[in-house]
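Structural overview for review
One letter stands for each residue in the lines below.
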Amino acid sequence: KAGVTQTPRYLIKTRGQQVTLSCSPISGHRSVSWYQQTPGQGLQFLFEYFSETQRNKGNFPGRFSGRQFSNSRSEMNVSTLELGDSALYLCASSPGRDIQAYNSPLHFGNGTRLTVT
Amino acid sequence: AQSVSQHNHHVILSEAASLELGCNYSYGGTVNLFWYVQYPGQHLQLLLKYFSGDPLVKGIKGFEAEFIKSKFSFNLRKPSVQWSDTAEYFCAELPGGYQKVTFGTGTKLQVIP
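Since the model is a prediction, treat every value here as computed from it, not as a measurement.

1. Observations concerning the layout of surface pockets
Of the volumes computed, that of the largest pocket is approximately 610 Å³. Lining the largest pocket are 31 residues; nearest its centre among them are Gln37 and Arg113 of chain A together with Gln38, Glu88 and Lys108 of chain B. When contributions to the lining of the largest pocket are tallied by element, the ones reaching two or more residues are strand S4 (31-38) and strand S9 (87-94) of chain A together with strand S10 (87-95) and strand S12 (107-112) of chain B. The residue makeup of the lining of the largest pocket, split by class, is 10 nonpolar, 17 polar and 4 charged. Of the pockets and cavities examined, the second largest pocket occupies roughly 320 Å³. Every residue lining the second largest pocket is counted, 18 residues in all, and those nearest its centre are Gln44 and Phe45 of chain A together with Gln2, Lys100 and Thr102 of chain B. Mapped onto the lining of the second largest pocket, the elements with two or more residues apiece are strand S5 (42-50) of chain A together with strand S11 (102-103) of chain B.

Structure (structure tokens):
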């Protein structure tokens, strides 16, 4: 099985612009979670989707949004980019309704590294 | 709010030294706990997990962790580290019935040959 695929791998944007990141989960996985990883802050939870519904949202401003499609692929969007949005954005998928079920841990992609100048 | 604390941000050890990385979680109810590892240039991967039962959990590559409920701790241990253990280690919690995994800030381990 192919792993979690995130595109693009690298992005450079300017303050004020917007960006869309894409995540294709492992085939058959229905839950997708997004995290922002920065040095010193670790992984900060953004949101989690299951069957096109957002089930959980982290403490990020409304500029951060996401969605999930019927094929479980997910996108996240950041509008009006700020310098502080520079980070590695990670996507993780899980098979079923209960994420991190005993036999199915989160599977992470390699991330999209966003640099805002 | 859920929170996970990892008190060691950067640890440097010589090969064959013993390792213990601290992790404290916050959720007071039924909780699942994990350690993930991120090797240089690679994606995060699961090292070990605790769901219930024996509080001493064994993972891959000789790692183990002990769940101590009274201390809200889930420390990671390895008796003898190798250079290949150089990586960043993340502790994480998942409260029972929730769908949000909270990670700690990570500990960078550098093993010197």
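After that view of the structure, there is still more to cover.
2. Overview of the environment of Phe50 of chain A
Among the secondary structure elements, Phe50 of chain A is positioned in strand S5. With 20 residues separating them along the chain, Phe50 of chain A and Arg30 of chain A place their C-alpha atoms 5.7 Å apart.

3. Thoughts on the pairing of strand S5 (residues 31-38) of chain B
Residue and element names in this part refer to chain B. The element S5 is extensively covered by neighbouring structure, given that 8 of its 8 residues are classed as buried. Of the two faces of S5, both are covered, the one formed by Val31, Leu33, Trp35 and Val37 as well as the one formed by Asn32, Phe34, Tyr36 and Gln38. Examined bridge by bridge, S5 and S10 share 8 bridges and lie antiparallel to one another. Bridge pairing links Phe34 to Ala92 in S10. Relative to strand S6 (residues 45-50), S5 runs antiparallel, the two being bridged by 5 bridges.

4. What about the interface of chain A and chain B?
Across the contact, 23 residues belong to chain A and 18 residues belong to chain B. Each partner contributes to the roughly 1,800 Å² buried at the junction of chain A and chain B, and carbon and sulfur atoms together form 57% of this total. Counting every contact that joins chain A to chain B gives 3 residue pairs in polar contact (both at pLDDT 80 or more). The set of elements that each furnish at least two residues to the side of chain A that touches chain B consists of S4, S5 and strand S6 (53-57) of chain A.

5. Focus: the state of the cysteines
A full pass over the atoms with the stated rule returns 2 disulfides over all chains. Two residues, Cys23 of chain A and Cys91 of chain A, share a disulfide whose sulfurs are 1.8 Å apart. Every disulfide takes its handedness from the sign of the S-S torsion; for Cys23 of chain A and Cys91 of chain A that torsion is -55°, giving left-handed. Note that Cys23 of chain A is positioned in strand S3 (residues 19-24) and Cys91 of chain A in strand S9, a separation of 68 residues in sequence. Across the pair, Cys91 of chain A and Cys23 of chain A agree in class, each one buried. A sulfur-sulfur distance of 1.9 Å marks the disulfide that ties Cys23 of chain B to Cys91 of chain B. Taking the sign of the S-S torsion, about -65° here, the bridge from Cys23 of chain B to Cys91 of chain B comes out left-handed.

6. Some words on unusual backbone geometry
Residues and elements named next belong to chain A. The linkage connecting Thr7 with the following residue, Pro8, adopts the cis geometry, with an omega of -10°. Mapped onto the secondary structure, Pro8 falls in the loop between strand S1 (5-7) and strand S2 (10-13). Of note, the phi angle at Glu52 is positive, near 70°, even though the residue is not glycine. Relative to the elements of secondary structure, Glu52 occurs in the loop between S5 and S6. Classification of Glu52 as partly exposed rests on a relative accessible area of 48%.

Criteria and thresholds
- Residues numbered from 1 in each chain as written.
- Chains lettered and ligands numbered in written order.
- Predicted model: local features only at pLDDT ≥ 70, side-chain atom pairs only at ≥ 80, totals over all residues.
- Heavy atoms only, no water.
- 1 Å grid on protein atoms, 1.4 Å probe; cavity = no way out; pocket = protein on both sides within 12 Å on 5 of 7 lines; lining within 4 Å.
- Points joined across faces, edges and corners; volume = space filled by probe spheres on them.
- Helix = DSSP H or I, 4+ residues; strand = E, 2+ residues; numbered from the N terminus.
- Nonpolar A, V, L, I, M, F, W, Y, C, P; charged D, E, K, R; others polar.
- Buried < 20%, exposed > 50% of the residue type's maximum accessible area, 1.4 Å probe, protein only.
- Pairing = 2+ DSSP bridges.
- Contact = heavy atoms within 4.5 Å.
- Buried area = accessible area lost by both parts, 1.4 Å probe.
- Polar contact = N/O pair within 3.5 Å; in protein donor to acceptor, adjacent residues only side chain to side chain.
- Disulfide = S-S within 2.5 Å.

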